[in-house]
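Per-entry structural report
What follows is the residue order along each chain.
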Amino acid sequence: MAVKVYVVYYSTYGHVGKLAEEIKKGASSVEGVEAKIWQVPETLPEEVLGKMGAPPKPDVPVITPQELAEADGILFGFPTRFGMMAAQMKAFFDATGGLWREQSLAGKPAGIFFSTGTQGGGQETTALTAITQLTHHGMVFVPVGYTFGAKLFGMDQVQGGSPYGAGTFAADGSRWPSEVELEHAFHQGKYFAGIAKKLKGSA
């Protein structure tokens, strides 16, 4: 039976969505793993999104909290707002109270990835504060660590990501994930899927 890895994200302008696609590819590259990508519900009205210049949402299914329980492992992605996860993702987590009561997510591996506008915009504070959501559900946080290797130490170009997970810098929205950032995302998906497979196999 295939190991189900869900990549669940929120993206206003598409930067986190781009990372999510690579993470899904990485997870899918592991034999015996079935990866599926989802987006969480938008909370802003279309009128507001239009004034923000946000593009239309991609053709990606919108997940309900209850569907999280079907996964063997989940990677959550979101942009940063003032050093923490965007309100849309927080609203989604806030709607998982029923899963918490049933302990439906306890013991499941979870990872995170993110996007910030600037280098000081919360690449690590966003990750640290997001872990509280996983902790209350009893999920097993799986950081990518330094398994990406030497490229994580590169100083020749600006790059997002950290031991907590893959990441990118969006700047004013015009900067898209670099090749290295996308490679990091692919690696995280592959690494995480391998861990999820091991955990399910030993259960």
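With an unreviewed UniProt entry as reference, the protein is termed NAD(P)H dehydrogenase (quinone), source organism Urochloa decumbens. According to the UniProt record, the Sequence similarities (unreviewed entry) comment for the protein reads "Belongs to the WrbA family." One UniProt comment on the protein, placed under Cofactor (unreviewed entry), says "FMN".

This part takes up helix H3 (residues 87–94). Buried residues of H3: Gln88, Met89, Phe92 and Phe93, and no others. Taken down its axis, H3 places every buried residue within 140° of arc, on the same side. Of the exposed residues in H3, the ones pointing more than 90 degrees away from its buried face are Ala87 and Asp94. In this structure, the buried residues of H3 make contact with strand E1 (3–9), strand E3 (73–81), strand E4 (84–85) and helix H5 (125–137).

With that settled, consider helix H6 (residues 179–202). For the α-helix, the turn length of 3.6 residues means that residues three or four positions removed from each other point alike. For H6, with 24 residues, the first-to-last C-alpha span of 35 Å sits near the 34 Å given by 1.5 Å per residue. All of the buried residues in H6 are Val180, Glu181, Leu182, His184, Ala185, His187, Gln188, Gly189, Phe192, Ala193 and Ala196. As for H6, its buried residues are in contact with E1, helix H1 (15–28), strand E2 (33–39), E3, strand E5 (109–116) and strand E7 (167–169).

The next subject is the side chain of His184. Mapped onto the elements of the fold, His184 is located in helix H6. Aside from chain neighbours lying at most four places away, what touches His184 is Val144, Phe148, Leu152, Gly160, Gly161, Ser162, Gly165 and Ala166.

To continue, consider unusual backbone geometry. Positive phi outside glycine occurs at Phe82, with the angle close to 55°. By secondary structure assignment, the location of Phe82 is in the loop between E3 and E4. Using a relative accessible area of 89% as the deciding quantity, one classes Phe82 as exposed. In this structure, Ala171 is a non-glycine residue whose phi angle is positive, near 55°. Here Ala171 shows up in the loop between E7 and H6.

A side chain of one charge can pair with a side chain of the opposite charge when the charged atoms of the two come close. If you walk through the whole model with that rule in mind, you get seven salt bridges. For the salt bridge of Asp94 with Lys90, the shortest nitrogen-to-oxygen distance reads 2.6 Å. Here Asp94 pairs with Lys90, and both are found in helix H3, just four residues apart, close to one helical turn. Under the relative-accessibility criterion, Asp94 is labelled exposed at 51%. The partly exposed category is assigned to Lys90, whose relative accessible area is 32%. A salt bridge links Glu181 to Arg175, with the shortest nitrogen-to-oxygen separation between them at 3.1 Å. When its relative accessible area of 22% is taken as the criterion, Arg175 is described as partly exposed.

About the thresholds
- Residues numbered from 1 in each chain as written.
- Predicted model: local features only at pLDDT ≥ 70, side-chain atom pairs only at ≥ 80, totals over all residues.
- Heavy atoms only, no water.
- UniProt positions renumbered as here; feature names shortened; annotations may be inferred.
- Buried < 20%, exposed > 50% of the residue type's maximum accessible area, 1.4 Å probe, protein only.
- Helix = DSSP H or I, 4+ residues; strand = E, 2+ residues; numbered from the N terminus.
- Arc of directions from axis to C-beta.
- Contact = heavy atoms within 4.5 Å.
- Expected span 1.5 Å × (residues − 1).
- Salt bridge = Lys/Arg side-chain N within 4 Å of Asp/Glu carboxyl O.

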